[in-house]
There are 2 protein chains.
Amino acid sequence: MFESAELGHAIDKDAYDARVPKLREALLEAQYEVLRQAAFPVIILVGGVDGAGKGATVNLLNAWMDPRHIQVHALGDPTEDERMRPPMWRYWRALPPKGEIGVFFGSWYTEPIVHCAMGKADIDDLDAPLDEIRCFERMLVDEGTLIVKLWFHLSKKEQKRHFKALEKDAKTRWRVTETDWAHHKRYDRFRKVSEHVLQTTSTATAPWIVVEGSDFRYRNLTTGTVLLEAMRKRLAGPAEPSPLPAAPLQVALDERNVITSLDMSQTMPKKDYADALAKYQGRLNQLTRDPRFRKLSLIIVFEGRDAAGKGGAIRRVSGALDARQYHIIPISAPTEEELAQPYLWRFWRHIPRPGRVTIFDRSWYGRVLVERVDGLCSEADWMRAYGEINEFEEQLVAHRTVLVKFWLAVSRDEQLGRFKERERVPFKNFKITDDDWHNRDKWDQYTHAVCDMVDRTSTEQAPWTLVEADDKYFARIKVLKTLCHRLEAAMQTG
Amino acid sequence: MFESAELGHAIDKDAYDARVPKLREALLEAQYEVLRQAAFPVIILVGGVDGAGKGATVNLLNAWMDPRHIQVHALGDPTEDERMRPPMWRYWRALPPKGEIGVFFGSWYTEPIVHCAMGKADIDDLDAPLDEIRCFERMLVDEGTLIVKLWFHLSKKEQKRHFKALEKDAKTRWRVTETDWAHHKRYDRFRKVSEHVLQTTSTATAPWIVVEGSDFRYRNLTTGTVLLEAMRKRLAGPAEPSPLPAAPLQVALDERNVITSLDMSQTMPKKDYADALAKYQGRLNQLTRDPRFRKLSLIIVFEGRDAAGKGGAIRRVSGALDARQYHIIPISAPTEEELAQPYLWRFWRHIPRPGRVTIFDRSWYGRVLVERVDGLCSEADWMRAYGEINEFEEQLVAHRTVLVKFWLAVSRDEQLGRFKERERVPFKNFKITDDDWHNRDKWDQYTHAVCDMVDRTSTEQAPWTLVEADDKYFARIKVLKTLCHRLEAAMQTG
């Protein structure tokens, strides 16, 4: 992987001076075109060997382009806020919106590489984190991001020579730290680890570009040219990839599916409801006050057709909690800032810290429900969403989040009754809109989408709970019971 | 202040049960109307004596209204991210957008009151923080926020009785903590301090409402009714206050002003420029690497007419810095999320932590420049902005931010020349728009606005530097020099 970057590439001063002005102008032009179209974000990862010019390159990018539309992120040790969330949270927060350039100096690769290079993990242990990284980057690319991954390389000999030269000069001595020499001693291990990482994560859509770092002119010209070509190719290419048609997710040969198989006749008599409500609300309250809960967090997702009783169920859950402890996030159309980001970004914003609860009233499943059914995104978009969602939820669960997902199932007749009730009662009027009637027309398509969703995203760690919701009392108690059981289970294994 | 709240107010069960259903319905209706209009945010502060039902009240609000549009903030000790910013930063981040309700359980009052009640400060020491709070709340109200400040009170005797009763019951014993008893011992001091605070901060537009806390029915009914009336009054009232006409900020009797008094003929020969640039960029670079800078932060504001050379000056500044250390924030039209907040919110988002630099390419001064001149806000809005801006900048400076503000002054002829140049050179074409020509037509109104801005917001701690910018070389060096001087001065005073 590093062969071509140890050849002693160099550009002489005249050739460099002749080429730079045009390159800069072209880069700036490409940057402004990206900005003007605001069609995709650009992410530049800067990694590599100490002393190979990573810092200088970041400064160069800002000098050659318009720094007002470049955000550089040099993420060091995670802050307290960051440690309280899954590791990728800090990167999601720093993603550039469409039209902008984000430079990551040190990135999602830093921790796995350093950890392994310092001997704290075997190369085999990298399988899982690198797999997560590939998923993350594939998602970014699928969402339209242009990712340019630059790796600056120096041979061991060159690195030593470089550090010695800096140390000789009083003005540059400060730049060589003890950590640099400590890393130098581990050069061979570092090289082996990074070679493995680069090979494993060099994909067709987000390849690594290795740049020899010893000659600054060669380094600069290479960096600038790579970036320019990358932007130009994306600007010239199609706005969206055209995926090959895939097999249908299901072919319904009979009427049996996870929704039709529900026993919708289940009810709870009013006289039992009050007691059950008090009992399970009390238990839920105690569980969230349990000292063991301080190490967990709870995310509750409510999905369901219009008038399925999501709001009422949510109120019975929140009524059991301390208001200081939870946030409810109602999901409707995304804002402008959210539209300029990958679709999961708006949910990452609301990930709770330990000891807290976030309740989503509709959620990231919108992509495979309303967006799919109403054609608000392409088939390719919602088809890949199942995998992206599972990946997202795995990260939450790995960070000790108890994730409970409810589908509130209401029958067609019951929904009609509730719609009519809403139209009749002036106070409930605001709750019924044309959208609701429109969604009702697409009943079967929704059923289809729900079945696919359950099949593909009900995992052992984050299973769907289907709630027979024609009887509100029955539904609310089932929701509360499920929450108690899930929390108890998490605390026992905890 | 607490007389009426020690009378033993109580409501009997029948009266309560008769009134609650109507009150809840009315509250919910008012909440949805606030949400539907999305015309203003609602902030509810919940403070008071331990044991007087603060927590229960917060839960009540969520139970009686739609909790999906209420965000409760129980801000405890500041997190690391918060400690790295001015104290008010955490509250700015938590402000509810228009249409939503934010409940602050513990608020900007908590720290001053507790600090003083625990004997760590005299009551006189509260003058400064309370003054800041009044300014902050006045700004919120002026921006349209409805603020409801609730103080729950118990007499000393009642508090003791309440704690004892809780301790008697095994099920509620956990609710009485050592801190509660420690606070009880200091009841008299706490009462004295909070009485002072409440009196000082009970303003006509954001008064405190003291609620006796011993009887939960009385407490709930009072809270609900206060909130309902507050929302109803605001919904019924005018959307904006109609302020009385004020005196004009200036009457220009001659041609002398801070802009016409500039010596616009100052230049720097090209041959001197390269050396000066290297010198001051080097110095600035060293200053930002100085260990003393890790305790400071630097905010640089660039304002100036179109084509005054802001972009070029910014690039010369950023070129001297490590790209990992600074962010440039170009300010254009606010996003939807920003429009739903007080206008300073979008700038608070970008306040740097210690050791970092934020460069604003246009800034919060837009309010008293373009928004004033183009009538994008009311006269009352920009008139009050001077004071709000000074208040904002004081907070930054108090948090060890070096704040440097540049007005790049360009003459009318020079601007015309640059516009024509931009039209001629295809590559610079994108830089000239109809807006630029339009702003040029309003030349004198802008001059007027700039003079007012300098007069009213050039303070000792955050002075304006007017930069004669007809000669780009001269201007850039003046900018760099000023930055060096300001940083040196800040480091010397330590």
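Residues numbered from 1 in each chain as written. Chains lettered and ligands numbered in written order. Predicted model: local features only at pLDDT ≥ 70, side-chain atom pairs only at ≥ 80, totals over all residues.

Chemist: How would you sum up the overall build of chain A? Please name residues and give values.
Modeler: Secondary structure summary: chain A contains 20 helices and 10 strands in total. Taken along its principal axes, the extent of the C-alpha atoms in chain A is 85 × 50 × 40 Å. Counting every position in chain A, which comprises 494 residues, the buried fraction comes to 35%. (Helix = DSSP H or I, 4+ residues; strand = E, 2+ residues; numbered from the N terminus. Buried ≥ 20, exposed ≤ 12 C-beta atoms within 10 Å, placed from the backbone.)

Chemist: I'd like to hear about the pairing of strand S1 (residues 42-48) of chain B, residue by residue, with values.
Modeler: Residues and elements named next belong to chain B. The buried fraction of S1 is high, at seven of seven residues. The side-chain alternation of S1 yields two buried faces, one formed by Val 42, Ile 44, Val 46 and Gly 48 and the other by Ile 43, Leu 45 and Gly 47. Where S1 and strand S4 (residues 146-153) come together, seven bridges link them in parallel fashion. Looking at the pairing, Ile 44 lines up with Val 148 of S4. (Pairing = 2+ DSSP bridges.)

Chemist: So, the sheet that holds strand S4 (residues 146-153) of chain A: which residues are in play, and what are the values?
Modeler: All names here are of chain A. The five strands lie next to each other as S2-S3-S1-S4-S5, forming an open sheet whose pairing is parallel. Looking at strand neighbours, the two that pair on one side only are strand S2 (70-73) and strand S5 (208-212), the edges of this open sheet. Taken over all neighbouring pairs, the strand axes of this sheet differ in orientation by 20° on average, direction set aside. (Axes fitted to C-alpha atoms, helices over the stretch in contact; angles between N-to-C directions.)

Chemist: Tell me about the nonpolar core, and name the residues and values.
Modeler: Nonpolar side chains tend toward joint burial in soluble globular proteins. Judged by nonpolar contacts, the single largest core of 59 residues is most densely connected at Ile300(B), Val317(B), Leu408(B) and Val467(B). Broken down by element, this core gets its largest block of residues, eight residues, from helix H20 (residues 472-493) of chain B. Those residues within four positions of Leu408(B) in sequence are excluded, and the remaining contacts are Phe302(B), Gly304(B), Ala308(B), Gly309(B), Lys310(B), Ala313(B), Val467(B), Ala469(B) and Ala475(B). Membership of the second largest hydrophobic core comes to 58 residues, among which are Ile359(A), Val404(A), Ala462(A) and Leu483(A). (Core = buried A, V, L, I, M, F, W, Y, C linked by C-beta atoms within 7 Å. Contact = placed C-beta atoms within 7 Å.)

Chemist: I'd like a description of the packing of helix H1 (residues 13-37) of chain B against helix H10 (residues 216-236) of chain B, backed by residues and values.
Modeler: All names here are of chain B. Two elements in contact, H1 and H10, have axes separated by 9 Å at closest approach and are oriented at 35°. Where H1 crosses over H10, the handedness of that crossing is left-handed. Of H10, the residues touching H1 (which contributes Tyr 16, Arg 19, Leu 23, Ala 26, Leu 27, Ala 30, Glu 33 and Val 34) are Arg 217, Leu 221, Gly 224, Thr 225, Leu 227, Leu 228, Met 231, Arg 232 and Leu 235. (Left-handed = near helix turned anticlockwise from the far one by under 90°.)

Chemist: Give me the lowdown on the interface of chain A and chain B, citing residues and values where you can.
Modeler: In this assembly, 34 residues from chain A lie in contact with 33 residues from chain B. Looking at the side of chain A that touches chain B, the elements that each hand over two or more residues are helix H1 (13-37), helix H2 (54-64), S2, helix H3 (80-83), helix H12 (310-318), strand S7 (326-330) and helix H13 (336-339) of chain A. Ranked by residue count, the leading element in the side of chain A that touches chain B is H2(A), at five residues. The residue inventory of the side of chain A that touches chain B, partitioned by class, reads 13 nonpolar, 10 polar and 11 charged. (Nonpolar A, V, L, I, M, F, W, Y, C, P; charged D, E, K, R; others polar.)

Chemist: Break down the relation of the copies chain A and chain B for me, citing the residues and quoting the values.
Modeler: Here chain A sits on chain B after a turn of 180° about the axis and a move of 0.0 Å along it, with an RMSD of 0.0 Å. A rotation of that kind, with that shift, is consistent with a two-fold axis. Looking at the rotation axis and the C-alpha trace of chain A, the residue lying nearest is Glu80(A), at 2.9 Å. Interface residue correspondence from chain A to chain B reaches 97%, placing this contact among same-surface, isologous pairings. (Least-squares fit on C-alpha atoms with pLDDT ≥ 70 in both.)

Chemist: Run through the environment of Ile389(A), naming residues and quoting values.
Modeler: Residue and element names in this part refer to chain A. Its location among the elements puts Ile 389 in helix H16 (residues 379-398). On the basis of neighbour counts, which here come to 22 C-beta atoms within 10 Å, the residue Ile 389 falls in the buried class. Residues Ile 389 and Tyr 365, spaced 24 residues apart in sequence, show a C-alpha to C-alpha distance of 8.1 Å. Ignoring any residue separated from it by four or fewer positions in sequence, one finds Ile 389 in contact with Trp 364 and Thr 457.

Chemist: Give a description of the domain arrangement of chain A that names residues and reports values.
Modeler: Many descriptions give the size of an interface as the accessible area lost when the pieces come together. Residue and element names in this part refer to chain A. The domains assigned to chain A are domain 1 (3-236) and domain 2 (270-493). Using only C-alpha atoms to locate each centre, domain 1 and domain 2 end up separated by 40 Å. On the domain 2 side, the residues contacting the 14 residues of domain 1 number 17 residues. Contributing elements (two or more residues each) for the side of domain 1 that touches domain 2: helix H4 (89-94) and helix H6 (127-142). Among the elements that line the side of domain 1 that touches domain 2, the one with the most residues is H6, at four residues. Looking at the side of domain 1 that touches domain 2 residue by residue, the classes come out as 10 nonpolar, no polar and four charged. (Domains from an automatic or database assignment.)

Chemist: With reference to specific residues and values, describe the packing of helix H2 (residues 54-64) of chain B against H10(B).
Modeler: All names here are of chain B. Their axes nearest at 11 Å, the elements H2 and H10 cross at an angle of 55°. With respect to each other, H2 and H10 are oriented oblique. Along this stretch, H2 crosses H10, giving a crossing that reads as right-handed. Side by side, H2 and H10 meet where Ala 56, Thr 57, Leu 60 and Trp 64 of the first sit next to Phe 216, Arg 219, Asn 220, Thr 223 and Gly 224 of the second. Grouping the constituent residues of the contact of H2 with H10 by class yields four nonpolar, four polar and one charged. (Parallel < 35°, antiparallel > 145°, perpendicular 65-115°, else oblique.)

Chemist: Outline helix H19 (residues 443-457) of chain A, supporting the account with residue identities and numerical values.
Modeler: All names here are of chain A. Compared with an ideal rise of 1.5 Å per residue, which puts 15 residues at 21 Å, H19 spans 21 Å between its outermost C-alpha atoms and is within 8% of the ideal. For H19, the set of buried residues is Ala 449, Val 450, Asp 452, Met 453 and Thr 457. Taken end-on, H19 shows its buried residues confined to a sector of 165°, consistent with a single buried face. Across from the buried face of H19, at angles greater than 90 degrees, the exposed residues are Trp 443 and Asp 444. Structurally, H19 contributes buried residues whose contacts are with helix H15 (370-373), H16 and strand S9 (401-409). (Expected span 1.5 Å × (residues − 1). Arc of directions from axis to C-beta.)

Chemist: Kindly report on H10(B), identifying the contributing residues and their values.
Modeler: Residue and element names in this part refer to chain B. Given a rise of 1.5 Å per residue, 21 residues ought to cover 30 Å, and the 30 Å separating the end C-alpha atoms of H10 matches this to within 8%. Every buried residue of H10 is accounted for by Arg 219, Asn 220, Thr 222, Thr 223, Gly 224, Leu 227, Met 231 and Arg 234. Of the surrounding elements, those touching the buried residues of H10 are H1, S1, H2, S4 and strand S5 (208-212).

Chemist: How would you summarise the sheet that holds strand S8 (residues 357-361) of chain A if you had to cite specific residues and measurements?
Modeler: Strands belonging to one sheet form pairs held by backbone hydrogen bonds; the direction of such a pair is parallel or antiparallel. Residues and elements named next belong to chain A. Reading across the sheet, the five strands line up as S7-S8-S6-S9-S10 and stay open at both edges, with parallel pairing between neighbours. Of all strands in the sheet, those bounded by a partner on one side alone are S7 and strand S10 (464-468). The sheet shows a mean angle of 20° between the axes of neighbouring strands, taken without regard to direction. Alignment of strand S6 (residues 297-304) against S8, held across five bridges, turns out to be parallel.

Chemist: Outline the confidence of the model for chain A, supporting the account with residue identities and numerical values.
Modeler: When pLDDT drops low, the exact placement of atoms in the prediction is not to be read closely. For chain A, per-residue confidence averages 91 on the pLDDT scale, and residues scoring 70 or more make up 97% of the total. Here the predicted complex carries an ipTM of 0.78, next to a pTM of 0.85. (pLDDT = per-residue confidence, 0-100.)

Chemist: Just give me the short version of unusual backbone geometry, but keep the residues and values in it.
Modeler: All names here are of chain A. The phi dihedral of Ala 38 falls on the positive side, at around 45°, and the residue is not glycine. Here the phi dihedral of Arg 400 falls at roughly 70°; this positive angle occurs in a residue that is not glycine. Note that Arg 400 resides in the loop between H16 and S9.

Chemist: Tell me about the environment of Arg353(B), and please be specific about residues and values.
Modeler: Residue and element names in this part refer to chain B. Its place among the elements puts Arg 353 in the loop between helix H14 (345-348) and strand S8 (357-361). Through-space distance from the C-alpha of Arg 353 to that of Arg 85 is 6.0 Å; in sequence the pair is 268 residues apart. Non-local contacts of Arg 353, meaning those with residues more than four positions away in its chain, are made with Met 84, Arg 85 and Ser 297.

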